[in-house]
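# Fold and contact review
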Amino acid sequence: MRNVAIIGCGQTKHSARRRDVNLAEMVGDAVWNALEDAQVTSQEVDAFTVGNMQGFGGVAQPEQWLGDWIGASGKPVLRIATGGSTGGCVVQAAYYAVASGLYNIAIATAWEKHSDSKEPGATTGLAHVALGNTINMINCGVSFKHLLSMTLVGAAAGVACYQAMYYMHRSGCKVEHLDMVAAKDRRNAAKNKYAHLQWPGCTPEDIAKTEWVAYPFRYGHICPASDGASAIVLACEDIARKRCKKPAWIKGLAAYSDEENQLMSEGAGGIGILDASQQIGARMSAIKAYRMAGIKDPQKEIDVAEIYQPFPSQELIFAERLGLFDEGTAWRALEKGETDINGRMPCDPSGGVNATNAIGSSALQRILECALQIMGKAEEHQVLKEVHNAVATGWGGATNYIAVTVLGDSFY
Amino acid sequence: MARRVAIVGYAQSHHQHDMPMTREDMVFEVAKGALHNAGISREDVDTVITASTDFLDGRTISNLYTSMAVGAYLKDESKVEEDGAFAASYALMRILSGVHDIALVEAHTQGSVVNPHLVSSYTFDPLFERQLGFLNDISAAALQARMYMNKYGVSEEQVAMVAVKNLMNAADNLNAHRKMPDVTVEEVLNSKIYYDPIRELTMSPVSDGACAIVLACEQKAREITDKPVWIEGVGSCQDGYLRDRSLYKLDSLQKAAQDAYEMARVSDPFAQIDVFEVSEKYAHEELMIYEALGLCREGEGKALIEKGTTEKDGEIPVNPSGGALGADPICATGLIRVIEAAKQIRGEANGYQIPAYRALAHGQFGICAQKNVVFILGSE
C-alpha cells in the first residue's frame, strides 16, 4: 500500500451570497489557493476528484463546464456525489487515486453555491431528497401512507429532529446542551476567517433567545446555507516528503453506509431503523478507519475531531459514534468544556458545519481542517494542544451515508 | 499496476424503453445477477461503487434508494456520477490500493422517467449557452458531426453505414433495445431528422437499463473463477468545455487510450486488440472513435466502415453487441461495453462471439463525448 498525504489546502470565504464570483470562479479560487499552498503547479497534477450536490446549484455535471477554470482539461476527472458526505467521499476517491499507484498528485475539490438555486438546499434539500422518488412511485403506484411518510419527514431539519430526540431520550442530554454546542461553534467560527456564521463571544443564553423551529431545535441551532468551495492537494509519499515540511498523512478511511436511509423506516416498507441516532455505519467506519490507522484507544490517541454537524445534536452523537466519549456521555464532557478549542478533546475548532454549510464542500472542509491542525496552519483557531492524530466525518444521504477519515502527523 | 485485477462476474438487464420495473427492482436484479454469475455472496464483497446522476434520475442524491437494493448497505461504498465505466475505474483504484479485495460495481438509468435530452441542456454554461437555449446534447452533436464531416469529407451515407452495422449487430444481442436485422442505409437516411445531420437512427435510443460487474484482486479472482478477465490497462480524460476544444476530434479519448495502451503495453492496437466495444452515442462518433483509438489515421475513419473492417467478420470488429446505438441506458452504457468486452474474452457472447484474447471497452459522458474512459481487457 502506498502512503498518501495532504500537502496543500485551499478554501474560499463562505457566505450566504457570493455575488462577487460565479460558480466556476469560486471553485477556481479554492483550487488555485490549494495549489499555491502546496507549491505545486497545475501541470503537475495527475488527476482530479470533484463533487457537489448538482440539484442545489442547478447545473448538471458542473465540472464539465468549469473544468477549464481548475486546470482539469486533459486530465482524468472523477465525479462523486453522495449528499452531505460528498466532500469526504471526494477526498477518499483522491486518496484511492494516489494509493492505487495510477497517479502521484491528485486534487480533491468540492463546492456548493446555494444562492444560484431558487431555494437554499441546506434546509429544504431533504424535501427534494424525499420527493424525488415520487416521480417513480407515481409511475408504479404509491400508497397514501407511503406518500405521507415522505412528505411529513420535514426535510433535513426534520430528520435531525427525530434523531436528536432519540439521542436526548436515551442519554439524558437537554436542549440546553444543544445551546452550548451551537454557541461554542459560533465562537469558534469567529476565529476562522473562512467561516460563514461568526459570532464572537456567543453564549448559550444568546442561542436560547432565538425562536423555536421544530423541537428540539431553535433557529440558533441550525446551520446556514452557504456559498463556498474548498480543495485539497494529495500526493504520494516521495513527493509529499520532498514538497511539504509537515504533510498530513491519511492514515485510515472508510465510508460504510447505514442499513437503510431514514425515509425508509417502517412506514415506507423498510425494515425500520428505530433509533436514528444509532448510525451503525458511522461506528463501522470508525472501527475500520482506526484499525487502518493503528489507533487502539481513540479517547487517548485522537487529539482533535472535525465532526459534520449541521445540527448541534450531531456533534454529540457522532463524537460518541467515533468513540471519543463513552456512550451517552458526550454532553457531560461538553458541560466540562472538554470539547472547547482548548479542551481535552476539541470538537470542531473551525466552527464546523453548524457555522458553515456549503453542502458539497462541508465534509471536505472537515478533512481540510484536520489537515490544517496537523500542519499547524489553522492560525487563530489552532488548538492549544499538540495534534498528532485527527478524525473527520461526513454525513449524507438521508442519514445513511457516512465518511470517516483519520489523519496523522506520522505513521506508527 | 501494483496488483492484477480481474472481472469475475457480470449481469445486465434487458434494456428497453419504459421498463415495467422500479429502479430498485432493476438494480437489485443486476447486482444479484452479477454476484450469482461470480458465484459469490454479498458477504464476500468488500466495497460497492454505484453510478447514476441526480438529474437523470430526477432526484437529489440519486443513490438514496438504490444503494440498498444493490446491497451496498453496511459496506464501504460510494457513488460515482456519470458513466458506470468511471465507477469501474474507481473500484479498480480501490482494489489496487490494497485496502479492498472484491468490488461490486453497478450502473443504471431509466431514460424513460426523465427525458435525458432535456436534462442535457442543464450541463451547459448556465451564464451564456443555457440562456440562449439553442443547445442540447443532440444539437451540440450535430455541430460536432458537421465539423467532422466537413473537415474530412465524410458523407451522410458513410455515417449511416455505422448505424446499419450496429443496429444489425444489435439484432443478435438478447439484451439490446433497438434491433433492426434488415435495416438499410436508405432507411437510416430517411429516418426522422432531429438536428441536421442527426437522425433518429444515427443517434442512440432512450433506454431503461442497468448492469453490474464484480472485480477481484488476483488471489480472489483465481479462487472465484477459472475464466478471469484481466484489466490490463485503464485511462480516462476530460476535454475542455464545448467552446474551448476541437470538436472534429476526440482529444480526451486519444489521451485516455494512450494511457491505457501504455499500461497494457499495446503499441499497435489494430494488430494487438481483437475486438472493440465503444460508446458511440451518435453514429458519426464511432468514426471519430476509430481515429482517436489509433485504428486509422485522422480523417480515415470512413475508410474502415466502407471496407467493412469493423464489421463483425472484419479485421477489427467494433461493437458486435450493437453498441450504444443498440441500447443506451445512459449511465450504464459504458459499463455495458466493459461487460460485452469481457463476454467476448470469456467466450460467452452467444450469437456474436468473436475469437478474442484482448478487447477494448470505452465509456463516455457529457456533451460531444467530453469525458472518456478506456479499459483494455485480456485473457490469461
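Here the structure is a predicted model, which is why all the values come from computation and not from measurement.

The next thing to look at is the overall build of chain B. Secondary structure summary: chain B contains 16 helices and eleven strands in total. Among the 380 residues that make up chain B, the fraction classed as buried is 66%. Sequence-distant contacts in chain B: of pairs separated by 6 or more residues, those separated by 24 or more amount to 78%.

Counting its regular elements, chain A contains 17 helices and eleven strands. Counting contacts in chain A only where the partners sit at least 6 residues apart, residues at least 24 apart contribute 79% of the total.

Moving on, we get to the interface of chain B and chain A. Facing the 54 residues of chain B at the interface are 56 residues of chain A. When residues of the side of chain B that touches chain A are traced back to their parent elements, those giving at least two are helix H2 (54–57), helix H3 (66–70), strand E3 (76–80), helix H4 (84–96), strand E8 (229–238) and helix H11 (251–264) of chain B. Here the side of chain B that touches chain A is composed, by residue class, of 24 nonpolar, 15 polar and 15 charged.

As a further point, take the packing of helix H4 (residues 86–99) of chain A against H4(B). The N-to-C vectors of H4(A) and H4(B) enclose an angle of 60°; their axes lie 8 Å apart at closest approach. Crossing handedness for the pair H4(A) and H4(B): left-handed. On H4(B), the residues that touch A:Ala93, A:Tyr96 and A:Ala97 of H4(A) are B:Tyr90, B:Met93 and B:Arg94.

Residues and elements named next belong to chain B. In spatial order, the strands read E3-E2-E4-E7-E1-E8-E11-E10-E9; together these nine strands make up an open sheet with mixed pairing. One side of each edge strand has no neighbouring strand; the edge strands of this open sheet are E3 and strand E9 (275–277). Averaged over all neighbouring strand pairs, the angle between strand axes comes to 25°, with direction disregarded.

Let's shift gears to the pairing of strand E11 (residues 401–408) of chain A. Residue and element names in this part refer to chain A. Summarising burial for E11: eight of the eight residues are buried, a large majority. Alternating residues of E11 divide into Tyr 401, Ala 403, Thr 405 and Leu 407 and Ile 402, Val 404, Val 406 and Gly 408, and every residue in both groups is buried. The antiparallel hairpin formed by strand E10 (residues 389–396) and E11 contains four residues in its connecting segment, where Gly 397 sits at a positive phi of about 65°.

A separate point is the nonpolar core. Side chains of nonpolar character tend, in soluble globular proteins, to be buried together. A:Ile232, A:Val233, A:Leu234, A:Ala371, B:Ile213, B:Leu335 and B:Leu377 are the most contacted members of the largest nonpolar core, which has 279 residues in total. The contact partners of A:Leu234, leaving out residues within four places of it in the chain, are A:Val4, A:Ala5, A:Ile6, A:Ala94, A:Tyr95, A:Val98, A:Ala106 and A:Ala108.

For the rest of this paragraph, the subject is the sheet that holds strand E7 (residues 227–236) of chain A. Residues and elements named next belong to chain A. Here nine strands make up an open sheet; going across it, the order is E3-E2-E4-E7-E1-E8-E11-E10-E9 and the pairing mixed. Whereas interior strands pair on both sides, the edge strands pair on one side only; in this sheet they are strand E3 (77–79) and strand E9 (304–306). For this sheet, the mean angle separating the axes of adjacent strands, direction not counted, is 30°.

The subject of this paragraph is the pairing of E10(A). Residue and element names in this part refer to chain A. Here E10 lies mainly inside the structure; eight of its eight residues are buried. Pairing of E10 with E11, which is carried by eight bridges, proceeds in the antiparallel orientation. Note on E11: the bridge partner recorded for Ala 390 is Leu 407.

Cis geometry marks the peptide bond from A:Tyr215 to A:Pro216; its omega dihedral reads 10°. Of note, A:Pro216 is situated in the loop between strand E5 (212–214) and strand E6 (217–218). For the bond from B:Asp196 to B:Pro197, the omega torsion is 0°, close enough to zero to count as cis. Residue placement: B:Pro197 occurs in the loop between strand E5 (193–195) and strand E6 (198–199). Positioned with a positive phi, A:Asp348 is a non-glycine residue whose angle comes to about 50°. The topology assignment puts A:Asp348 in the loop between helix H15 (330–335) and helix H16 (352–355). Despite not being glycine, B:Leu74 has its phi angle at roughly 55°, a positive value. Here B:Leu74 lies in the loop between H3 and E3.

It is worth spelling out H11(B) at this point. Across its 14 residues, H11(B) extends 20 Å between first and last C-alpha, which sits within 8% of the 20 Å expected from 1.5 Å per residue. Residues of H11(B) that are buried sit in contact with E8, helix H12 (269–272), helix H13 (283–292) and strand E11 (371–378) of chain B.

Looking at chain B, the pLDDT average stands at 96 and 100% of residues meet or exceed 70. Under the prediction, the complex receives an ipTM of 0.97, its pTM being 0.96.

Bringing the packing of helix H9 (residues 175–190) of chain A against helix H14 (residues 312–321) of chain A into the picture now. Residue and element names in this part refer to chain A. Put simply, H9 and H14 touch, their axes get as near as 8 Å, and they point 95° apart. Taken together, the axis directions place H9 and H14 in an arrangement best described as roughly perpendicular. Contact with H9, carried on its side by Leu 178, Val 181 and Ala 182, involves Pro 312, Ser 313, Glu 315 and Leu 316 of H14 and no other residues of that element. Of the residues belonging to the contact of H9 with H14, the class tally is five nonpolar, one polar and one charged.

A few words now on the environment of B:Pro320. Residue and element names in this part refer to chain B. Residue placement: Pro 320 occurs in the loop between helix H14 (301–307) and helix H15 (323–326). Considered as a pair, Pro 320 and Thr 53 are 267 residues apart in the sequence and their alpha carbons are 28 Å apart. Residues contacting Pro 320, with those up to four places away along its chain left out, are Asn 169, Val 275, Lys 312, Ala 349, Tyr 352 and Ile 354.

Moving on, we come to helix H1 (residues 23–38) of chain B. Residue and element names in this part refer to chain B. Taking 1.5 Å of rise per residue, 16 residues should cover 22 Å, and H1 covers 23 Å from first to last C-alpha, within 8% of that figure. Taken together, the buried positions of H1 are occupied by Arg 23, Met 26, Val 27, Val 30, Ala 31, Ala 34, Leu 35 and Ala 38. For H1, the angular spread of the buried residues around the axis is 160°, confining them to a single face. Directly beyond the C-terminal end of H1, a positive phi value near 75° is found at Gly 39.

Residue and element names in this part refer to chain B. With respect to the helices and strands, the residue Val 48 is situated in strand E2 (residues 47–51). Taking the C-alpha atoms as reference points, Val 48 and Glu 77, 29 residues apart in sequence, are found 4.7 Å from one another. Residues contacting Val 48, with those up to four places away along its chain left out, are Val 70, Gly 71, Ala 72, Lys 75, Glu 77 and Leu 104.

Attention now goes to the environment of A:Ala276. All names here are of chain A. With respect to the helices and strands, Ala 276 occurs in the loop between strand E8 (248–254) and helix H12 (280–293). Residues Ala 276 and Val 159, spaced 117 residues apart in sequence, show a C-alpha to C-alpha distance of 8.4 Å. Non-local contacts of Ala 276, meaning those with residues more than four positions away in its chain, are made with Tyr 162, Gln 163, Tyr 166, Gln 262 and Thr 399.

Calculation criteria
- Residues numbered from 1 in each chain as written.
- Chains lettered and ligands numbered in written order.
- Predicted model: local features only at pLDDT ≥ 70, side-chain atom pairs only at ≥ 80, totals over all residues.
- Helix = DSSP H or I, 4+ residues; strand = E, 2+ residues; numbered from the N terminus.
- Buried ≥ 20, exposed ≤ 12 C-beta atoms within 10 Å, placed from the backbone.
- Contact = placed C-beta atoms within 7 Å.
- Nonpolar A, V, L, I, M, F, W, Y, C, P; charged D, E, K, R; others polar.
- Axes fitted to C-alpha atoms, helices over the stretch in contact; angles between N-to-C directions.
- Left-handed = near helix turned anticlockwise from the far one by under 90°.
- Pairing = 2+ DSSP bridges.
- Core = buried A, V, L, I, M, F, W, Y, C linked by C-beta atoms within 7 Å.
- Expected span 1.5 Å × (residues − 1).
- pLDDT = per-residue confidence, 0-100.
- Parallel < 35°, antiparallel > 145°, perpendicular 65-115°, else oblique.
- Arc of directions from axis to C-beta.

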